[in-house]
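# Examining the three-dimensional arrangement
Here are the chains, one letter per residue:
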Amino acid sequence: VPTDLSIEKVIHDVVCLLEPTASRHRVRIRLLPETDESCQTTVARLPQNELKQVFFNLIRNAIQASQPGQEVRVAIESDADQLQIKVMDDGCGIAD
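Description of the structure in this document. (Residues numbered from 1 in each chain as written. Predicted model: local features only at pLDDT ≥ 70, side-chain atom pairs only at ≥ 80, totals over all residues. Heavy atoms only, no water.)

## Quick notes on the overall build of the protein
- Of regular secondary structure, the protein possesses two helices and five strands.
- Listed N to C, the secondary structure of the protein is β-α-β-β-α-β-β in terms of helices and strands.
- Taking 96 residues into account, the globule formula puts the C-alpha radius of gyration at 12 Å, and the protein, at 14 Å, falls close to it.
- Along the first, second and third principal axes, the C-alpha atoms of the protein reach 35 × 30 × 25 Å.
- Within the protein, the proportion of its 96 residues that are buried is 28%.
- Considering only intrachain contacts with a sequence separation of at least 6, the fraction spanning at least 24 residues in the protein is 72%.
- Surface accessibility of the protein: about 6,300 Å² in total, with carbon and sulfur atoms responsible for 50%. (Helix = DSSP H or I, 4+ residues; strand = E, 2+ residues; numbered from the N terminus. Rg over C-alpha atoms; globule rule 2.2 N^0.38 Å. Buried < 20%, exposed > 50% of the residue type's maximum accessible area, 1.4 Å probe, protein only. Contact = heavy atoms within 4.5 Å. Areas by Shrake-Rupley, 256 points an atom, 1.4 Å probe, with all protein chains shown as cover.)

Printed below as a string of structure tokens:
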């Protein structure tokens, strides 16, 4: 069921869940922009559990694709019309 939710809070919650996995892989998770989570709130009407699952899968896959010492970056960009969330890693990618 779609509800109004803070995208930053959802991503922060998922990152907290994945910190032990990142630590085991010796990978750092960095949220961008690097500001206090309470400073910026992007509200969207979306199904919370499904959204958390999508972010969990994307960030976990990025952690697993990364080498020790690398970082996974999660960027939140928004304007009046659009919301963009990027999960970026420096893994080798999928072989052809």
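Anyway, onward from the coordinates.
## Observations regarding the environment of Val-43
- Mapped onto the fold, Val-43 is located in strand E3 (residues 43–47).
- As for Val-43 and Gln-82, which are separated by 39 residues in sequence, their C-alpha atoms are 12 Å apart.
- Other than its neighbours up to four places away in sequence, Val-43 contacts Asp-4 and Leu-5.

## Here we look at unusual backbone geometry
- The omega torsion of the bond from Leu-32 to Pro-33 falls at -5 degrees, within 30 degrees of zero and hence cis.
- Turning to its location among the elements, Pro-33 is positioned in the loop between strand E2 (28–32) and E3.

## A short note on helix H1 (residues 7–25)
- Between its terminal C-alpha atoms H1 stretches 26 Å, which fits the 27 Å expected from 19 residues at 1.5 Å a residue.
- Remark: the principal bend of H1, roughly 45 degrees, maps to Leu-18, with a proline, Pro-20, within the next four residues.
- All of the buried residues in H1 are Ile-7, Glu-8, Val-10, Ile-11, Val-14, Val-15, Leu-18, Thr-21 and Ala-22.
- Turning to H1, the residues buried within the fold contact strand E1 (2–6), E2, E3, helix H2 (48–65), strand E4 (71–78) and strand E5 (83–88).
- Looking one or two residues beyond H1, the residue adopting positive phi is Arg-26, at roughly 55 degrees. (Expected span 1.5 Å × (residues − 1). Bend = angle between axes of the 7 residues up to and from the residue.)

## Describing the pattern of salt bridges
- Applying the stated criterion across every chain yields a total of seven salt bridges.
- Note that Asp-4 and Arg-45 form a salt bridge whose closest N and O atoms lie 3.4 Å from each other. Remark: Arg-45 occurs in strand E3 and Asp-4 occurs in strand E1; sequence separation between them is 41 residues.
- By relative accessible area, Arg-45 is classed as exposed at 55%.
- For the salt bridge of Arg-30 with Glu-71, the shortest nitrogen-to-oxygen distance reads 2.9 Å. In this pair, Arg-30 sits in strand E2 while Glu-71 sits in strand E4, placing the two residues 41 residues apart along the sequence.
- Arg-30 gets classed as partly exposed once you look at its relative accessible area, which sits at 22%.
- Under the relative-accessibility criterion, Glu-71 is labelled buried at 18%. (Salt bridge = Lys/Arg side-chain N within 4 Å of Asp/Glu carboxyl O.)

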